[in-house]
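# Summary of structural features
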2 protein chains.
Amino acid sequence: MPELRKDPIVGRWVIISTERAKRPFDFAPEEETAKGGFCPFDSGNEKTTPPEIIAYRPTGTGPNTSGWTLRVVANKFPALVIEGGLGKVGEGLYDKMNGIGAHEVIIETPDHAETLSNMPLDRFVDVLRAYRDRIVDLSKDPRFRYILIFKNQGRSAGASLEHSHSQLIALPVVPEIASEELNGSKKYFSYKDRCVYCDILRQEMEQKNRVISENEDFLVCAPFAPRSPFEVWIIPKSHNADYTQITEYQFRALAEIFSETLRRLDKALNKRPYNFMLHTSPVKENHQEYYHWHFEVVPKLTRIAGFEWGSGFYINPTPPEDAAKFLRDVSLAEGS
Amino acid sequence: MPELRKDPIVGRWVIISTERAKRPFDFAPEEETAKGGFCPFDSGNEKTTPPEIIAYRPTGTGPNTSGWTLRVVANKFPALVIEGGLGKVGEGLYDKMNGIGAHEVIIETPDHAETLSNMPLDRFVDVLRAYRDRIVDLSKDPRFRYILIFKNQGRSAGASLEHSHSQLIALPVVPEIASEELNGSKKYFSYKDRCVYCDILRQEMEQKNRVISENEDFLVCAPFAPRSPFEVWIIPKSHNADYTQITEYQFRALAEIFSETLRRLDKALNKRPYNFMLHTSPVKENHQEYYHWHFEVVPKLTRIAGFEWGSGFYINPTPPEDAAKFLRDVSLAEGS
């Protein structure tokens with residue numbers, strides 16, 4: 001059983017895998033992306049993944065057969081296990097609990113060559129819808145406090161399979177960055193009586209120099225103090241703490257601008273790996289007044305992350321105003 | 001002039017380089033370590049670095065000539081600039097200031113082939129002494145609040161030159177991890193009236209399963225909730241918040257156990273890259289009651305840091321008890 005352990009000084013929770021524990025020689029030096037070969041996520045290979053939890057497929061096709069356009073399956077090598085109680089316990093001054101949680105894979109496409117950047121818009125909407133559907137479903141489990149949705153695109157961003165997919169981790173604790181954002185935005189609200197993200201939206205739309213694009217419902221901008229070059233935030237213009245409250249209309253507007261943003265990044269950075277994460281409210285907690293859901297997209301460009309994540313201290317060689325200008329100026333015309 | 005910018009939600013400061021700004025095509029994919037060729041840190045090449053700030057060298061040898069055993073020079077490509085006022089200013093809801101600070105390189109050896117793992121003990125003591133001497137000197141500058149000492153060993157850990165060196169960054173703000181540790185240990189102290197690190201020392205020495213080695217003055221252990229496989233902490237057994245209070249006797253004891261720890265890691269992990277950082281009290285602030293200086297050593301083994309530093313959520317595939325056992329069991333005999 002994996003364990004969730006809390007750092008006694010800063011309160012950060014980490015997952016410790018106690019099965020399949022890696023020994024020194026299990027850490028091979030970095031390799032290039034393995035291309036080609038058998039892919040368990042391809043259409044036709046449904047039997048080689050764990051059974052589907054949900055799938056978007058035409059009526060008449062049976063589960064775990066081809067015909068689907070999106071499948072969600074359990075991760076074959078989960079960081080957490082779904083069965084069991086939390087078993088919260090102390091060990092002297094330390095706190096730990098069982099590594100209970102869900103670890104799922106959202107297979108975004110049946111087509112090995114398709115990515116979020118080049119799939120039809122309706123299908124991007126389906127990916128965003130799958131995120132919502134899985135959060136809604138897993139929120140019913142009384143053990144879970146946070147559902148983390150993220151994507152690793154490209155090997156050096158952590159993707160172990162090339163086929164386009166996102167991941168979901170349901171956790172019995174709130175991860176550090178979410179806690180920090182909740183605390184920070186609550187503090188801002190208690191002082192100003194306004195949502196900090198709404199204030200950011202207003203200022204960015206006025207200043208314009210960090211704006212990359214916008215539509216009626218979403219603003220895409222480089223944040224004022226990005227940790228990483230070409231970091232991009234996608235923020236809904238209307239205030240809401242909780243992604244699951246997204247409307248049908250917003251789904252389409254988000255898919256449009258998200259797809260465009262990924263194509264801008266692909267063009268500007270020559271398809272370098274990236275990570276994105278959905279930042280949304282913890283489940284079963286009401287942060288509606290002061291929190292504001294959004295996506296953060298972080299291209300993997302610099303190699304100094306090792307030191308930086310250890311110190312919490314970031315040196316960003318690209319001012320966000322410059323990054324925004326580069327991304328704004330990308331030509332998205334076909335064939336250019 | 002580089003800028004220090006504060007994230008308006010979580011309060012994290014980052015350095016934005018506004019000169020030599022990197023554009024998309026400046027981020028080359030990762031390359032292997034460039035070996036051989038001219039090295040500005042080698043003995044005899046003193047004129048090719050910025051002039052030395054301090055050096056340990058025999059009397060009779062002039063500054064910036066050979067004969068030295070350790071030199072500290074300004075970083076040729078500094079992230080911060082030393083001249084100027086802080087110029088703290090708001091930009092709407094955002095806070096920023098000039099990127100004022102020191103960025104220095106501690107050249108640990110004149111010998112290109114020597115590393116902290118294989119240098120004579122007296123010389124390792126000198127490296128530790130140089131850290132202390134530079135912190136003491138830079139603390140006198142009224143603009144600085146934190147002096148960050150760290151080492152990137154190996155290209156994928158962020159080292160741009162192969163020659164063994166550490167770095168120092170003096171900052172007008174306290175970096176995030178230091179703030180978190182200060183806040184966390186203060187909270188623990190206010191509840192328990194004891195230092196959390198002293199309590200950790202007591203529990204680790206009793207439990208023994210995460211202890212790697214110890215001597216009279218220092219304990220080396222794997223932390224209870226490590227973010228990274230084979231993460232190692234070196235903690236002084238006597239309570240002190242401030243590294244600059246270290247005694248001559250402790251210098252030697254620290255050099256002994258630090259050198260041994262690096263040799264254990266080199267053997268167990270086949271000389272994989274690593275980062276280490278000195279965690280010490282901010283300057284001009286009194287955290288003596290509850291904070292406790294220490295070193296954290298983090299081997300660079302996993303590639304998933306991109307996502308993890310973005311989410312604050314860590315999955316560690318190696319339990320610290322296993323890591324400690326591997327490192328304890330390393331044979332340090334010559335030639336083995």
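Residues numbered from 1 in each chain as written. Chains lettered and ligands numbered in written order. Predicted model: local features only at pLDDT ≥ 70, side-chain atom pairs only at ≥ 80, totals over all residues.

## Some details on the overall build of chain A
Quick reminder of the rule: Secondary structure is summarised from DSSP: a helix means a run of H or I of at least four residues, a strand means a run of E of at least two, and numbering begins at the N terminus for each. Radius of gyration: C-alpha atoms only; globule rule: 2.2 Å multiplied by the number of residues to the exponent 0.38. To sort residues by exposure, count the other C-beta atoms lying within 10 Å of each residue's C-beta; 20 or more gives buried, 12 or fewer gives exposed, and values between give partly exposed, all with C-beta atoms placed from the backbone. Any two residues are considered in contact once their C-beta atoms, placed from the backbone, lie within 7 Å.
Tallying secondary structure elements over chain A gives 6 helices and 15 strands in all. For chain A, whose C-alpha radius of gyration is 20 Å, the value lies close to the compact-globule estimate of 20 Å for 336 residues. Dimensions along the principal axes, computed over C-alpha positions, put chain A at roughly 50 × 50 × 40 Å. Here chain A, with 336 residues, has 49% of them falling under the buried criterion. Sequence-distant contacts, at least 24 apart, represent 67% of the contacts inside chain A between residues at least 6 apart.

## Comments concerning the interface of chain A and chain B
Worth spelling out the cut-off: Side-chain classes are defined by residue name, with Ala, Val, Leu, Ile, Met, Phe, Trp, Tyr, Cys and Pro counting as nonpolar, Asp, Glu, Lys and Arg as charged, and the others, Gly among them, as polar. Here the rule is simple: two strands pair whenever DSSP picks up at least two bridges between them.
Contacts between chain A and chain B engage 71 residues on the former and 72 residues on the latter. For the side of chain A that touches chain B, the element with the most residues is helix 5 (residues 305-311) of chain A, which contributes 7 residues. Residue composition of the side of chain A that touches chain B, by class: 37 nonpolar, 17 polar and 17 charged. Two strands pair when backbone bridges link them, and strand 15 (residues 314-316) of chain A and strand 2 (residues 13-16) of chain B are joined in this way by 3 bridges, in the parallel orientation.

## Observations concerning the relation of the copies chain A and chain B
Selection rule: For the least-squares superposition of copies, only C-alpha atoms count, and only for residues with pLDDT at least 70 in both.
Under the fitted operation, chain A is carried onto chain B by 0.0 Å of movement along the axis and a turn of 180 degrees, and the coordinates agree to an RMSD of 0.0 Å. Interpreted geometrically, this transformation is the action of a two-fold axis. By residue overlap, the copies meet face to face through one surface: 100% of the interface positions of chain A are interface positions in chain B.

## A closer look at the pairing of strand 6 (residues 94-98) of chain A
All names here are of chain A. Two strands pair when backbone bridges link them, and strand 1 (residues 3-6) and strand 6 are joined in this way by 4 bridges, in the antiparallel orientation. Considered in strand 6, the bridge of Arg5 is made with Lys96. Taking the residues between adjacent antiparallel strands as the criterion, strand 5 (residues 89-91) and strand 6 are bridged by 2 residues, where Gly92 takes a positive phi near 60 degrees.

## Details of the environment of A:Tyr314
As for its position among the elements, A:Tyr314 is in strand 15. Taking the C-alpha atoms as reference points, A:Tyr314 and A:Ser228, 86 residues apart in sequence, are found 7.7 Å from one another. Leaving out residues up to four positions away in the same chain, A:Tyr314 has contacts with A:Arg227, A:Glu308, B:Val14 and B:Ile15.

## Regarding the sheet that holds strand 9 (residues 165-171) of chain A
Where strands meet in a sheet, backbone hydrogen bonds hold them as pairs that are either parallel or antiparallel. Residue and element names in this part refer to chain A. Under the convention used in this document: For helices, the fitted line uses only the C-alpha atoms of the stretch in contact; every axis is such a line through C-alpha atoms, and the angle between N-to-C directions lies from 0 to 180 degrees.
What the 10 strands build is an open sheet, ordered 3-4-7-9-8-13-14-12-11-10; its pairing is antiparallel. Edge positions in the sheet fall to strand 3 (52-56) and strand 10 (211-214), since each of these pairs with one other strand and no more. For this sheet, the mean inter-axis angle between neighbouring strands, taken without regard to orientation, is 15 degrees.

## Points about the sheet that holds strand 4 (residues 70-74) of chain B
Residue and element names in this part refer to chain B. One open sheet holds the 10 strands; their spatial order is 3-4-7-9-8-13-14-12-11-10, and the pairing between them is antiparallel. Strands with a single pairing partner mark the edges of an open sheet, and in this sheet they are strand 3 (52-56) and strand 10 (211-214). Neighbour to neighbour, the strand axes of the sheet diverge by 15 degrees on average, direction disregarded. Where strand 7 (residues 102-107) lies against strand 9 (residues 165-171), 6 bridges are found, and the strand directions are antiparallel. Within strand 9, the position partnered with Ala102 by the bridge is Ala170. The sheet strands contacting helix 1 (residues 121-139) are strand 3, strand 4, strand 7, strand 8 (146-153), strand 9 and strand 13 (274-279), and the helix crosses strand 4 at an angle near 35 degrees.

## Examining helix 3 (residues 196-207) of chain A
Residues and elements named next belong to chain A. The condition that has to hold: In this analysis, the expected span of each helix is defined as 1.5 Å times one less than the number of residues it contains. Think of it as the arc spanned by the lines of direction from the helix axis to the C-beta atoms.
Look at helix 3: 16 Å from first C-alpha to last across 12 residues, which is about the 16 Å you get at 1.5 Å a residue. Here helix 3 has its buried residues at Val196, Tyr197, Ile200, Leu201 and Glu204. Viewed end-on, helix 3 has its buried residues packed into an arc of 145 degrees, placing them on one side of the element. The secondary structure elements touched by the buried residues of helix 3 are helix 2 (176-192), strand 10, strand 11 (218-221), strand 12 (232-236) and strand 14 (294-299). Looking at the residues trailing helix 3, positive phi occurs at Lys208, about 70 degrees.

## Brief notes about unusual backbone geometry
Residues and elements named next belong to chain B. Although it is not a glycine, Asp193 sits at a positive phi angle of roughly 65 degrees. With a phi close to 55 degrees, Lys271 is a non-glycine residue in the positive phi region. By the element assignment, Lys271 lies in the loop between helix 4 (248-269) and strand 13.

## Topic: the nonpolar core
For clarity, the cut-off: Put simply, a nonpolar core is a cluster of buried Ala, Val, Leu, Ile, Met, Phe, Trp, Tyr and Cys residues tied together by C-beta atoms within 7 Å.
Counting 90 residues, the largest nonpolar core has B:Ile147 and B:Ile234 as its most contacted members. If one sorts the elements of this core by residue count, helix 4 of chain B sits on top with 8 residues. Beyond its immediate stretch of four places on either side in the chain, B:Ile234 contacts B:Phe218, B:Val220, B:Ile257, B:Phe258, B:Thr261, B:His294 and B:Phe295. Counting 87 residues, the second largest nonpolar core, distinct from the first, contains A:Ile149, A:Val232, A:Phe258 and A:Val298.

## Re the packing of helix 1 (residues 121-139) of chain A against helix 4 (residues 248-268) of chain A
Any two packed helices are characterised by the angle at which their axes cross and by the distance between the axes. Residue and element names in this part refer to chain A. We apply this condition: Each angle is binned into one of four classes, with values under 35 degrees roughly parallel, values over 145 roughly antiparallel, values of 65 to 115 roughly perpendicular, and all other values oblique. Two helices cross in a left-handed way if the nearer one is turned anticlockwise from the farther one by less than a right angle. They cross in a right-handed way if the turn is clockwise.
Packing of helix 1 against helix 4 leaves a shortest axis separation of 9 Å and a crossing angle of 110 degrees. Classed by the angle they form, the pair helix 1 and helix 4 counts as roughly perpendicular. Like other packed secondary-structure pairs, helix 1 and helix 4 cross with a definite hand, here right-handed. Packed against helix 1, whose contacting residues are Leu121, Phe124, Val125, Leu128 and Arg129, the element helix 4 presents Phe251, Arg252, Leu254, Ala255, Glu256, Phe258 and Ser259 at the interface.

## A word on the pairing of strand 14 (residues 294-299) of chain B
Two faces belong to every sheet, and in a regular strand the side chains alternate between them. Residue and element names in this part refer to chain B. Burial analysis of strand 14 places 6 of its 6 residues in the buried class, the great majority of the element. Every second residue of strand 14 is oriented toward a common face, with His294, Glu296 and Val298 on one face and Phe295, Val297 and Pro299 on the other, all of them buried. Sheet topology note: the strand 12 (residues 232-236)/strand 14 ladder contains 3 bridges and is antiparallel. Each residue of the ladder has a partner; that of Ile234, found in strand 14, is Phe295. Where strand 13 meets strand 14, 6 bridges bridge the pair, whose relative direction is antiparallel. Bridging across to strand 14, Tyr274 finds its partner in Pro299.

## With respect to the confidence of the model for chain A
Put simply, the rule is: The score called pLDDT rates the predictor's confidence residue by residue, from a low of 0 to a high of 100.
Per-residue pLDDT for chain A has a mean of 91; in total, 93% of the residues score no lower than 70. In the model output, the complex is listed with pTM 0.93 alongside ipTM 0.90.

## Examining the environment of A:Val127
Residue and element names in this part refer to chain A. By the element assignment, Val127 lies in helix 1. Assessed through the 24 C-beta atoms surrounding it within 10 Å, Val127 is described here as buried. With 115 residues separating them in the primary sequence, Val127 and Asp242 have C-alpha atoms 17 Å apart. Those residues within four positions of Val127 in sequence are excluded, and the remaining contacts are Leu70, Ile106, Glu108, Leu116 and Ser166.

## Structural notes on the environment of A:Arg5
Summarising the element assignment, A:Arg5 is placed in strand 1. Along the primary structure A:Arg5 and A:Asp111 are separated by 106 residues, whereas in three dimensions their C-alpha atoms are 39 Å apart. With residues up to four places along the chain from it excluded, the contact list for A:Arg5 reads A:Trp13, A:Val14, A:Ile16, A:Tyr94, A:Lys96, B:Phe224 and B:Ala225.

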